[in-house]
Amino acid sequence: MTRMALSDKLAILSDAARYDASCASSGTARRDSRDGKGLGSTEGSGICHAYAPDGRCISLLKILMTNFCIYDCAYCINRVSSHVRRARFSADEVVQLTIEFYRRNYIEGLFLSSGIIRSPDATMSDMVQIAKRLREGENFRGYIHLKTIPDAAPELIEQAGLYADRLSINVELPTDNSVKAYAPEKNPVTIRKAMGDVKSRKEVASEKSYTGKRGKRFAPAGQSTQMIVGADRSTDATILGQSTRLYGAYQLRRVYYSAFSPIPDATAQLPLIKPPLVREHRLYQADWLLRFYGFGVDEITAARPDGNLDLELDPKLAWALQNRALFPVDVNRASKDMLLRVPGFGTRTVDRILSTRRHRNLRYGDLLQMGTPMKKAQPFIVARDWTPGALTDSANLRTRFAPPPQQLSLL
Amino acid sequence: MYTVPLPRIGTDLAWRDAAKRLIGAAIPPEDVLWDFGGEMGELFATAAPLPPPSRRIKAPQSFIQMADTVVWHKDPQRFARLYAMLWRLRHETGLMQDRADQHLAKLRQMEKGVNRCKHKMKAFVRFRDLRQGGDRRSFAAWFEPTHHTVEPTAPFFARRFADMDWMIATPDVTAQFVDGNLSFHPGQPKPDLPKDGAEALWGAYFCNIFNPARVKIKAMTSEMPKKYWKNLPEAQHIHDLIAGAEAKVQKMQDAAPTIPPERAQRIRRQLRQQKGDDQ
Ligand code: SF4
């Protein structure tokens with residue numbers, strides 16, 4: 001077999017990696033290389049070095065070590081039954097690409113995942129070796145995200161956490177039944193156990209021992225997971241319920257939602273639909289409300305009987321329209337919790353309102369001056385010189401926000 | 001009337017020093033002209049020397065932080081606006097918390113602009129390998145920031161790329177990092193940098209990490225505005241990626257399902273056997 005050029009491998013193995021939504025490089029321990037003995041830094045919030053025409057941030061070199069895989073997950077381009085071209089990076093190639101891209105300021109670091117070759121342990125151990133070489137051989141202090149293989153031995157996951165900033169294990173699909181149906185070799189129980197292991201190792205690492213010393217750093221940017229949306233028939237209520245359980249049980253930093261999107265050489269099992277991008281977007285918004293705005297899953301998904309989010313309106317606005325009796329709220333008096341529930345008000349807006357209302361009795365114009373987006377908030381608030389009157393309860397309030405019905409065109 | 005000359009390099013410290021002296025001597029904003037980088041020319045060059053530094057001048061920490069950022073904005077009014085705010089702060093305590101004050105709002109907006117520019121500089125500088133040999137590798141980049149952000153952003157590059165030498169040249173100020181020492185020099189026209197083979201690999205990555213089934217052009221351009229594209233090697237591919245996206249997706253959808261390759265059966269059988277053995 002002739003040797004494949006590096007750029008061909010890179011093309012195949014980044015193409016295969018693009019279905020992982022995460023490219024985050026935030027929230028890890030601070031490091032730099034001011035001592036002149038290494039390369040790289042991490043400072044709180046990561047940087048998006050480029051944006052692809054799909055609007056996604058490119059922060060990390062996101063590649064597969066190899067796209068050979070012995071499993072047969074229906075939704076995946078790398079499954080054993082697909083005819084996709086296969087390639088495999090050597091450890092050296094991954095290390096060099098990462099370092100050379102980093103030196104040119106293209107990336108924040110590496111996100112490495114892999115198809116499963118030979119066995120889960122063999123694959124995981126090759127990935128750990130790459131991370132180790134970056135850290136110890138190259139003194140690389142940038143960001144490393146390793147996608148771990150749930151069936152791999154716990155010792156390997158433990159080592160991975162010593163070199164990586166973040167670990168992820170994808171739950172893949174929202175329910176156990178869907179995992180069984182579409183990823184027959186994967187076991188949801190093993191996946192959850194692996195997430196549980198990561199969580200407890202992280203806890204052990206952050207506890208001080210009796211000598212007062214902390215354990216070695218373990219995955220300081222925590223763990224995350226991903227769910228594919230739209231491949232199975234799960235409703236948004238099911239999906240968000242699953243996320244809430246995952247956030248709670250495994251202290252995940254993030255759950256990513258990835259709209260199922262067409263892949264080359266797809267299986268007949270899954271129809272190639274247009275990826276449900278709006279749905280994905282609404283799920284992210286709902287996820288945000290659950291984590292930072294004090295909403296419960298049932299509140300957010302109550303608006304529609306079929307358990308799905310309203311695609312036309314953002315979930316907070318949809319909730320407010322269902323709960324008009326709670327509005328309008330007075331921006332000069334309302335509690336923080338209630339202000340957070342006003343459509344259009346973000347956490348930053350609410351903080352500004354709270355600090356500014358100590359100085360003045362807020363008018364409509366003051367809110368504008370502070371950069372508050374008022375179009376959505378208008379019907380739901382009272383200010384010193386503003387009341388929405390009958391607007392809050394008007395029957396056509398929804399149509400003010402929902403996009404007009406699509407124009408029909410001739411066939 | 002005081003005319004305060006402010007240098008292009010070290011603008012932040014020079015402004016702060018002058019502002020302290022002027023406030024200390026109770027000089028009102030209308031009696032001060034700020035001259036950045038000698039832009040005013042000879043006409044105003046004859047000015048009274050600044051008042052001597054006086055007792056310790058205090059200002060809210062939040063103002064000092066804001067001023068340290070706003071001084072790098074390109075708006076010629078930035079220094080006067082900051083000084084006017086400092087002047088009001090002498091009597092209006094709590095002014096910094098009043099987000100509805102329009103002068104403060106304007107300064108905050110400028111602060112945001114500079115911070116965004118700094119952030120974009122951290123993101124979009126692209127180094128090229130100068131291949132000079134020696135113990136330390138050396139790289140150089142050409143960048144065109146919107147505001148005067150080279151100086152406040154260079155320390156970030158020094159923390160990150162400390163084991164190599166580098167230069168970031170801009171029309172305004174050039175930052176240089178040699179043997180661990182950071183220095184600033186006057187700006188320059190675009191230098192002729194050698195070609196770098198890594199750019200082709202980076203381009204290959206950019207093209208393949210893109211998912212043609214999810215084209216969202218506005219989401220891209222709002223975060224990576226076109227004005228930056230000419231200095232980003234990957235941006236040359238954007239046009240073709242967008243133009244070819246639909247056809248690519250159509251091809252995937254039209255393709256008939258295939259029969260799995262032979263080895264798939266074999267591997268599946270093996271896996272099933274292993275599972276059986278485990279149980
Ligand atoms: S294990 Fe499944 S999801 Fe992962 S690469 Fe293999 S086929 Fe794809």
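Conventions and cut-offs
- Residues numbered from 1 in each chain as written.
- Chains lettered and ligands numbered in written order.
- Predicted model: local features only at pLDDT ≥ 70, side-chain atom pairs only at ≥ 80, totals over all residues.
- Helix = DSSP H or I, 4+ residues; strand = E, 2+ residues; numbered from the N terminus.
- Rg over C-alpha atoms; globule rule 2.2 N^0.38 Å.
- Buried ≥ 20, exposed ≤ 12 C-beta atoms within 10 Å, placed from the backbone.
- Domains from an automatic or database assignment.
- Core = buried A, V, L, I, M, F, W, Y, C linked by C-beta atoms within 7 Å.
- Contact = placed C-beta atoms within 7 Å.
- Near = placed C-beta within 6 Å.
- Nonpolar A, V, L, I, M, F, W, Y, C, P; charged D, E, K, R; others polar.
- Axes fitted to C-alpha atoms, helices over the stretch in contact; angles between N-to-C directions.
- Parallel < 35°, antiparallel > 145°, perpendicular 65-115°, else oblique.
- Left-handed = near helix turned anticlockwise from the far one by under 90°.
- Pairing = 2+ DSSP bridges.

1. Structural notes on the overall build of chain A
Item 1. Across its full length, chain A holds 15 helices and ten strands.
Item 2. The C-alpha atoms of chain A give 24 Å as radius of gyration, which agrees with the globular expectation for 411 residues (22 Å, within 12%).
Item 3. Across its three principal axes, chain A shows a C-alpha extent of roughly 75 × 65 × 40 Å.
Item 4. With 411 residues in all, chain A has 49% of them scored as buried.

2. As for the domain arrangement of chain B
Item 1. Under the domain assignment, chain B is made up of domain 1 (2-119), domain 2 (125-186) and domain 3 (197-279).
Item 2. Here domain 1 of chain B and domain 3 of chain B have C-alpha centroids that lie 50 Å from each other.

3. Concerning the nonpolar core
Item 1. L61(A), L112(A), A131(A) and I168(B) are the most contacted members of the largest nonpolar core, which has 170 residues in total.
Item 2. With residues near it in sequence (within four places) discarded, I168(B) still touches V125(B), A141(B), F143(B), V150(B), A154(B), F157(B), T174(B) and A175(B).

4. Focus on the site of the ligand
Item 1. Every residue close to the ligand is listed here: C69(A), Y71(A), C73(A), C76(A), N78(A), R79(A), G115(A), I116(A) and A183(A).
Item 2. A breakdown of the residues in the shell around the ligand according to their chemical character gives six nonpolar, two polar and one charged.

5. Comments concerning the interface of chain B and chain A
How big an interface is tends to be stated in terms of accessible area lost as the parts join.
Item 1. Chain B puts 56 residues into the contact, and the matching count from chain A is 61 residues.
Item 2. Per-class residue counts for the side of chain B that touches chain A are 36 nonpolar, eight polar and twelve charged.

6. Section: the packing of helix α2 (residues 91-103) of chain A against helix α3 (residues 120-137) of chain A
Residue and element names in this part refer to chain A.
Item 1. Across the interface, α2 lies against α3 with an axial gap of 10 Å and an inter-helix angle of 40°. The pairing of α2 with α3 is recorded here as oblique in orientation. The element α2 and its partner α3 pack so that their crossing is right-handed. Listed contacts from α3 to A91, V94, V95 and T98 of α2 are D126, Q129, I130, R133 and L134.
Item 2. A per-class count over the contact of α2 with α3 returns five nonpolar, two polar and two charged.

7. With respect to the pairing of strand β6 (residues 173-178) of chain B
Residue and element names in this part refer to chain B.
Item 1. Pairing of strand β5 (residues 165-169) with β6 involves three bridges; the strand directions are antiparallel. Among the inter-strand pairings, I168 is bridged to a residue of β6, identified as A175.
Item 2. Hairpin connection, β5 to β6: the antiparallel pair is bridged by three residues.
Item 3. Inspection of the sheet shows β6 paired to strand β7 (residues 181-186) by six bridges, in the antiparallel sense. Across the sheet, T174 pairs through a bridge with H185, a residue of β7.

8. Concerning unusual backbone geometry
Item 1. Cis geometry marks the peptide bond from F327(A) to P328(A), where omega comes out at 0°.
Item 2. The topology assignment puts P328(A) in the loop between α10 (315-322) and β9 (329-330).
Item 3. In this structure, A26(B) takes a positive phi of about 55° despite not being glycine.
Item 4. Within the fold, A26(B) resides in the loop between α1 (11-24) and β2 (32-36).
Item 5. Judged by C-beta crowding, with 10 C-beta atoms within 10 Å, A26(B) ranks as exposed.
Item 6. Its identity is not glycine, yet D179(B) carries a phi of approximately 50°, on the positive side.
Item 7. Within the secondary structure, D179(B) is located in the loop between β6 and β7.

9. Points about the pairing of strand β8 (residues 254-259) of chain A
Residue and element names in this part refer to chain A.
Item 1. A large share of β8 lies buried, amounting to six of its six residues.
Item 2. Judged by which residues are buried, β8 turns out to be covered on both faces: R254, Y256 and S258 on one side and V255, Y257 and A259 on the other are all buried.
Item 3. Of the strand pairs in this sheet, strand β7 (residues 223-229) and β8 are connected by six bridges, and their pairing is parallel. Among the inter-strand pairings, T225 is bridged to a residue of β8, identified as V255.

10. Here we look at the sheet that holds strand β4 (residues 109-113) of chain A
All names here are of chain A.
Item 1. Across the sheet, six strands lie side by side as β3-β4-β5-β6-β7-β8; this open sheet has parallel pairing. Each edge of the sheet is formed by a strand with only one pairing partner; in this case those strands are β3 (60-64) and β8. Going across the sheet, the axis of each strand differs from the next one's by a mean of 20°, ignoring polarity.
Item 2. Strand direction decides the pairing type here: strand β5 (residues 143-147) and strand β6 (residues 166-168), joined by three bridges, are parallel. Bridging from a neighbouring strand, K147 pairs with S168 of β6.
Item 3. Sitting on the sheet, α3 is in contact with β4 and β5, with an inclination near 175° to β5.
Item 4. In the packing of helix α7 (residues 236-250) onto the sheet, the strands contacted are β7 and β8, and the crossing angle to β7 comes to about 170°.

11. A few points about the packing of helix α3 (residues 78-89) of chain B against helix α4 (residues 102-124) of chain B
Residue and element names in this part refer to chain B.
Item 1. Axis separation between α3 and α4 bottoms out at 11 Å; the angle between their running directions is 135°. The angle between α3 and α4 places the two elements in the oblique class. Here α3 runs over α4; the crossing is left-handed. The residues of α4 that touch α3, namely those facing R78, R81, L82, A84 and M85, are H103, L104, K106, L107 and M110.
Item 2. The residue inventory of the contact of α3 with α4, partitioned by class, reads six nonpolar, one polar and three charged.

12. Comments concerning the domain arrangement of chain A
All names here are of chain A.
Item 1. Here chain A is described as being made up of domain 1 (6-208 + 215-257), domain 2 (276-322) and domain 3 (325-399).
Item 2. In this complex, domain 2 contributes seven residues to the contact, which on the side of domain 3 involves ten residues.
Item 3. Considering each element in turn, the side of domain 2 that touches domain 3 owes the most residues, four residues, to α10.
Item 4. For the side of domain 2 that touches domain 3, the residue count by class is five nonpolar, one polar and one charged.

13. Section: the sheet that holds β5(B)
The strands that make up a sheet are held in pairs by hydrogen bonds between backbone atoms, and each pair lies either parallel or antiparallel.
Residue and element names in this part refer to chain B.
Item 1. Taken in spatial order, the five strands line up as β3-β4-β5-β6-β7 in an open sheet, and their pairing is mixed. The open sheet is flanked by β3 (128-129) and β7, the only strands paired with a single partner.
Item 2. For β3 and strand β4 (residues 138-142), the ladder comprises two bridges, and the chain directions are antiparallel. Residue pairing in the sheet places R128 in a bridge with A140 of β4.

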